[in-house]
Amino acid sequence: MSEAAAIERIAIARGGIRAELLTLGAALHTLEVPDRDGKRANVVLGYRDLEEYRAHPRFYGVVAGRYANRIGGARFNLDGVEYRLPANSGANNLHSGPRGFDLQDWKVEARDAHSVTFALLSPHLDNGFPGNLHVQVRYAIDGDGLAIGFRATTDHATVVNLTNHAYFNLAGEGSGTTILDHVLQIPASQITPVDAALIPTGAYQSVDGTPFDFRTPKPVGRDIDAADPQIALGRGYDHNFVLAGAAGTVRRIATVFDPESGRALDVHSTEPGVQLYTGNHLANGAPGTGGGSYPMRGGLCLEPQKFPDSPNKPAFPSARLDPGQEYRHDMAFRFRTAKDAAGAFG
């Protein structure tokens, strides 16, 4: 086995925003943005020791792929052929297996002061997935935030679902706080409920009268421990929300606001779903970038995506990519400040 490549840090900045990216996993390592008083802080979680990304992967800020999220039974059929994947989450496949895109050394294809483009070739049957997949991801600071663009092509019919897996704490990484007081809005009237292994059942469930109704902004912690079967399965939120608006067009899919700092984050994406994960298993990890370990629910993820287990659920939006087509996912993390929730969501 060849020796692992050195992990390179690449800084990009514009205005009051500065980001640091890593060649390992094409990861967003830090993202510094100002609060309502202009004080800048890193708002994403990550490891202080870069080798911890390899030793104890928790998907901090990485590109998740080839297929982000879960595939039930660690297998799927495509054109009559069954493809078997590594089972790394019980009997299921999570984020493509034990050596997904998060543990790949990406090539820096282009860079300037404001942007960097990473590239990767995932060979045919890499982690069991068909097709030689050529992937690019471009990070660019473009005024009020960080825009991320994914592109991929294949020489064989395959499935693709790429996202960025950043964990956010808008109070600032290393603050020691949880995200329970963050106020969240997601314009989604349905979720895809899951079974005991967190694999979607294939049904659509209304959020009406449930802890999953974030159409009106509310604190993340208000219902996170509610007596609800789906909450119990995820030990909090770890679910895909079915987004309003036309998939394929960039639109706002979520807003998060931290009342203490005044920072507000608007997440934009072209995808049909977003996975909300509230860091239910974060406790007792290796030191973060600020030097301290993160508490349970010390960060939250909003991962725009195709639906989990779409390759096995024909009624879900398709994740199929054929030769001659280009996979495209455009997303952005955009920041602003507000005095209070009324200003953040008004």
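In the block above lies the structure referred to throughout.
Remember, predicted model here, so these are calculated numbers, not experimental data.

Draft legend 1. Structural view of the sheet that holds strand E22 (residues 251–257). The nine strands lie next to each other as E10-E11-E12-E13-E27-E23-E22-E17-E20, forming an open sheet whose pairing is antiparallel. Looking along the sheet, the strands with just one partner apiece sit at the ends: strand E10 (107–111) and strand E20 (218–219). One ladder, built from six bridges, connects E22 with strand E23 (residues 263–269); its direction is antiparallel. Residue Thr255 lies in a different strand from E23, and its bridge partner there is Asp266.

Draft legend 2. Here's a closer look at the side chain of His268. Tracing the backbone through its elements, the reader meets His268 in strand E23. Leave out the neighbours within four places in its chain, and His268 touches Val250, Arg251, Arg252, Ile253, Asp330, Met331, Ala332 and Arg334.

Draft legend 3. Region of interest: the packing of aromatic side chains. A full pass over the atoms with the stated rule returns 19 aromatic pairs. Aromatic side chains Phe118 and Tyr139 sit 6.1 Å apart centroid to centroid with 85° between the ring planes, which places their arrangement in the edge-to-face category. Residue Phe118 is found in strand E11 (residues 115–122), and its partner Tyr139 is found in strand E12 (residues 133–141); the two are separated by 21 residues along the sequence. The exposure classification of Phe118 matches that of Tyr139, with both residues buried. On the numbers, 4.8 Å between centres and 70° between planes, the contact of Phe168 with Phe333 is edge-to-face. Linking Phe168 in strand E16 (residues 167–168) with Phe333 in strand E27 (residues 327–337), this pair joins segments that are 165 residues apart in sequence.

Calculation rules
- Counting restarts for each chain, with residues numbered from 1 along the sequence as it is written.
- Predicted model: local features are reported for residues with pLDDT of at least 70 only, side-chain atom pairs are reported and counted for 80 or more only, and whole-chain, interface and lining totals are derived from all residues.
- Excluding hydrogens and water, the side-chain figures rest on all heavy atoms present in the structure.
- By definition, two strands form a pair when at least two bridges between them are found by DSSP.
- Going along the chain from the N terminus, every DSSP run of H or I of four or more residues is numbered as a helix, and every run of E of two or more is numbered as a strand.
- Contacts are residue-level and defined by heavy atoms, with any inter-residue pair within 4.5 Å sufficient.
- Only Phe, Tyr and Trp rings take part, Trp by its six-membered ring, and two of them pair if their centres are within 6.5 Å. Stacked means planes under 30 degrees apart, edge-to-face means over 60, and tilted covers everything else.
- A simple rule labels every residue: compare its accessible area, found with a 1.4 Å probe on the protein chains alone, to the largest value its type can have, and call it buried under 20%, exposed over 50%, or partly exposed in between.

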